[in-house]
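Below are the chains, spelled out letter by letter.
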Amino acid sequence: MSRHVRVAAAVLATLVAACSRAPRPDGGTAPAATPEPAVISAVTLFFPGEDGLLERETREVADLAAPGPARVRAIVAELIAGSQQGRPAALPWAATLHAAFVDRAGNAFVDLSAPPEGAIEGTADEAAVVYAVVESVVANCPGVERVQLLFDGSEVATLGHLDLSRPLAPRPELVAP
Amino acid sequence: MRRLILPLAAIVLALLARGAPAETILTPQGPAEVYARGGQFDLVEVLRLTGAEVLFAPAAGSYGAVLGEREVQFTPGGTLAVVDGKLTALPAPVRLVDGRPLGNAATAGTLLGALGWTLRQGGRGWELAALAGGERVTVSLVRDAGGTLLVVRGTAQQPRIVAVPGQVGLLFATPVALAEPIRPDGELLGGELLGPQLVLRLKQGVTVASSYPLADPPRFVVRLGSESQVAVEPIAAGRPAGTLVVLDPGHGGDDQGAHGPGGELEKDITLAVARATAARLQAAGVTTRLTRDGDAGLALAERTALANRLQADAFVSVHANAYRGKGVRGAETYYMNVDASDADAAAAAAAENVGAAPDTVALILWDMAHVANLNASARLARSIQDRFNELQGIKDRGVRQAPFVVLTGATMPAALVEVGFLSNPTDVKRLTSASGQDELARVLAEAVLAFLRDREAAADTGR
């Protein structure tokens, strides 16, 4: 959902609330519950760049979930929604997020639908997929230090090259300066 | 009998003379005494009871036990072992006491299990026995449009393939049993179980083209081809004298790797470059082995295991890259990474001696035990990248660290080189032409030779 659509939805919700004040038996009007204004937060996502490195993309998100699994889900959902600046998809298939959870050791686990065969080729492409998720989640989810990718509910050893059998920490050298 | 009594008498006398604490273990050959102290066994002595050859590799700081085609490596101070190239957690750490690697019964049992043996406490004390075949498998021949397949049903294991003219051996990590005799059928002349290895005899001229596991139900498939189509040569079992380098052509068999715009396959390019590099290294007097010398599938862990088994001086995995943006090009070289945050977590957990993530801690302990190799791996990667940077028209993408499966568990300096991008029109010309491949092989061979020269110079000067 784009920012414009979200803002429009918030305005519409405010108007509907204003128009639906129920008449009271005494003929008065019940005080309207003042809608909480949407809290806008800036998040930084990582998408494949032109030089084979990940590039930062900052966007504003309304009512970002509190740190924890819900925040992880929100960040991955933003990543799946794609770049707003024309960059290639971080996850180059019709990926869906099955689940996300966080343990007490600072590891986040992100369960995605598995990529079809041939969707990811080459180390650079594979690293872009894996570390787009790792960097985006760690950058926006306080308390999360590492991320492990799961596919269709299962641990996978690798997508071809990288060891995905354990949570991975960010690798700043894979991000464009 | 005399052959048995004399060595036992010698052991008993020796133990009496030094007053060493000992534990009796019943073996198929009779009782044997091994050094044991406080419930901790001398792992070298226990492993040798199986007939395994157990050696200490000073460079890696680790012990290696080889029994037939099986191999396990472990490092004092660590709680991980490398079983045929794959990291395996040990129940308790191996401790070095009085120059002996000691481990409890559970740890000894895990190491023994990797060699196909078990240690258990029975009514007569500790007993050592060969593992009985657990899974019962069947072997059948299936023909499809692509040719002939050997299908092994009844196991989810991915056996190591040992192919020689006229037969193929499937080496299982856990021994299996045959549910029924193998009947001759077409290219399959017969087969039998020899310990952990299932040996299948093939018609003359037939060999392995590729292999892969399938699920639901679990089965292992070996695709057959003719020797004229593929040239699969097993890596030599013994380690030749002198410096030895293992080159790993990435992918192979059904795993084609990346694809070029004209249908070029990464697996073909890596094999061509690795072969040409091997020829140059051999000509320079460096014994070189390939993990595959044909279009054969090989699991990532098996590639590292082969290099470990040969105690190679260096291991280089050769790959060609791909990326969605066609403008991205150039060579880049990787070596295994240790995350600083992981190291901090390991250090904290070790200091507190409490839970944290045991796997992470163990992995880092393993990494720390191999820090010397890590530094050497960095020098190897730097040497490779520097030489590639000298190639005209090639773009330097630098040396990087990443957790590559094929580099995990390597007990020698190891690097992975991406020699160019199949997704880039400029790179693809170099990658697919004979002259371009020869040029890549030349610089890769020069890089490995420079690394070996520097290493020897460092050893001479005591650096």
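Residues numbered from 1 in each chain as written. Chains lettered and ligands numbered in written order. Predicted model: local features only at pLDDT ≥ 70, side-chain atom pairs only at ≥ 80, totals over all residues.

Chemist: Quick one: what's the story with the overall build of chain A, residue by residue and with numbers?
Modeler: Counting its regular elements, chain A contains three helices and six strands. In sequence order, the secondary structure elements of chain A are arranged as α-β-β-α-β-β-α-β-β. Within chain A, residue pairs in contact and separated by at least 24 positions form 60% of the contacts whose partners lie at least 6 positions apart. (Helix = DSSP H or I, 4+ residues; strand = E, 2+ residues; numbered from the N terminus. Contact = placed C-beta atoms within 7 Å.)

Chemist: I'd like a description of the overall build of chain B, backed by residues and values.
Modeler: Check the secondary structure of chain B and you find 10 helices and 27 strands. Here chain B, with 463 residues, has 49% of them falling under the buried criterion. Put simply, of all contacts in chain B between residues at least 6 apart along the chain, 65% involve residues at least 24 apart. (Buried ≥ 20, exposed ≤ 12 C-beta atoms within 10 Å, placed from the backbone.)

Chemist: Outline the sheet that holds strand β22 (residues 244–249) of chain B, supporting the account with residue identities and numerical values.
Modeler: All names here are of chain B. Pairing is mixed in the open sheet, where six strands are placed in the order β23-β22-β24-β27-β25-β26. With partners counted over all chains shown, the strands left at the sheet margins are β23 (287–290) and β26 (396–401), one partner each. Across the sheet, the axes of successive neighbouring strands diverge by a mean angle of 20 degrees, strand direction being ignored. In this sheet, β23 lies alongside β22 in parallel orientation, the contact comprising four bridges. The residue of β23 that forms the bridge with L244 is T287. (Pairing = 2+ DSSP bridges. Axes fitted to C-alpha atoms, helices over the stretch in contact; angles between N-to-C directions.)

Chemist: Describe the interface of chain B and chain A, naming the residues involved and giving the relevant values.
Modeler: Note: interface size is frequently given as the accessible area lost on complex formation between the parts. Contacts between the two partners involve 26 residues from chain B and, on the opposite side, 24 residues from chain A. For the side of chain B that touches chain A, the element with the highest residue contribution is helix α7 (residues 358–369) of chain B, accounting for three residues. Class assignment of the residues belonging to the side of chain B that touches chain A gives a composition of 11 nonpolar, nine polar and six charged. (Nonpolar A, V, L, I, M, F, W, Y, C, P; charged D, E, K, R; others polar.)

Chemist: I'd like to hear about the confidence of the model for chain A, residue by residue, with values.
Modeler: Regions with low pLDDT carry predicted coordinates that are not meant to be interpreted in detail. All names here are of chain A. In this model, chain A carries a mean pLDDT of 85, and residues with pLDDT of at least 70 account for 81%. Across chain A, element-level confidence peaks in helix α3 (residues 123–140) with a mean pLDDT of 97 and bottoms out in helix α1 (residues 3–19) with 44. Predicted confidence for residues 5–27 stays below pLDDT 50, and this span has 16 contacts to residues more than four positions away or in other chains. (pLDDT = per-residue confidence, 0-100.)

Chemist: Give a description of helix α9 (residues 425–432) of chain B that names residues and reports values.
Modeler: For α9(B), the full list of buried residues reads D427(B), V428(B), R430(B) and L431(B). The arc that holds every buried residue of α9(B), seen down its axis, measures 165 degrees, which confines them to one face. (Arc of directions from axis to C-beta.)

Chemist: I'd like a rundown of the environment of F220(B), residues and numbers included.
Modeler: Looking at the element boundaries, F220(B) is found in strand β21 (residues 219–226). Along the chain, F220(B) and L149(B) lie 71 residues apart, while their C-alpha atoms are 9.9 Å from each other.

Chemist: Please set out the pairing of strand β2 (residues 54–62) of chain A residue by residue, giving values where relevant.
Modeler: Alignment of strand β1 (residues 40–48) of chain A against β2(A), held across nine bridges, turns out to be antiparallel. Counterpart to I40(A) in the pairing with β2(A) is A62(A).

Chemist: For the confidence of the model for chain B, give the residues involved together with the corresponding values.
Modeler: Residue and element names in this part refer to chain B. Per-residue confidence for chain B gives a mean pLDDT of 80; residues scoring 70 or more make up 79%. Element-level pLDDT for chain B is lowest in helix α6 (residues 340–352), with a mean of 47, against a maximum mean of 97 in strand β24 (residues 314–321). In this model, residues 12–18 is a region of pLDDT below 50 whose contacts with residues beyond four sequence positions or in other chains number four contacts. In this model residues 340–346 is a low-confidence stretch, pLDDT under 50, and it forms 13 contacts with partners more than four residues away in sequence or in other chains. What the predictor reports for the complex is a pTM of 0.61 with an ipTM of 0.77.

Chemist: How would you summarise unusual backbone geometry if you had to cite specific residues and measurements?
Modeler: Positive phi outside glycine occurs at D63(A), with the angle close to 50 degrees. Within the fold, D63(A) resides in the loop between β2 and α2 (69–81). By C-beta crowding, D63(A) is classed as partly exposed, having 13 other C-beta atoms within 10 Å. One non-glycine residue, Q311(B), adopts positive backbone phi at about 50 degrees. In this fold, Q311(B) is placed in the loop between α5 (300–309) and β24.

Chemist: Just give me the short version of the environment of W126(B), but keep the residues and values in it.
Modeler: All names here are of chain B. By the secondary structure assignment, W126 is in strand β12 (residues 125–130). Sequence separation between W126 and L26 is 100 residues, and the spatial gap between their C-alpha atoms is 6.1 Å. Among residues more than four places away in sequence, those in contact with W126 are E23, T24, I25, L26, L119 and Q121.

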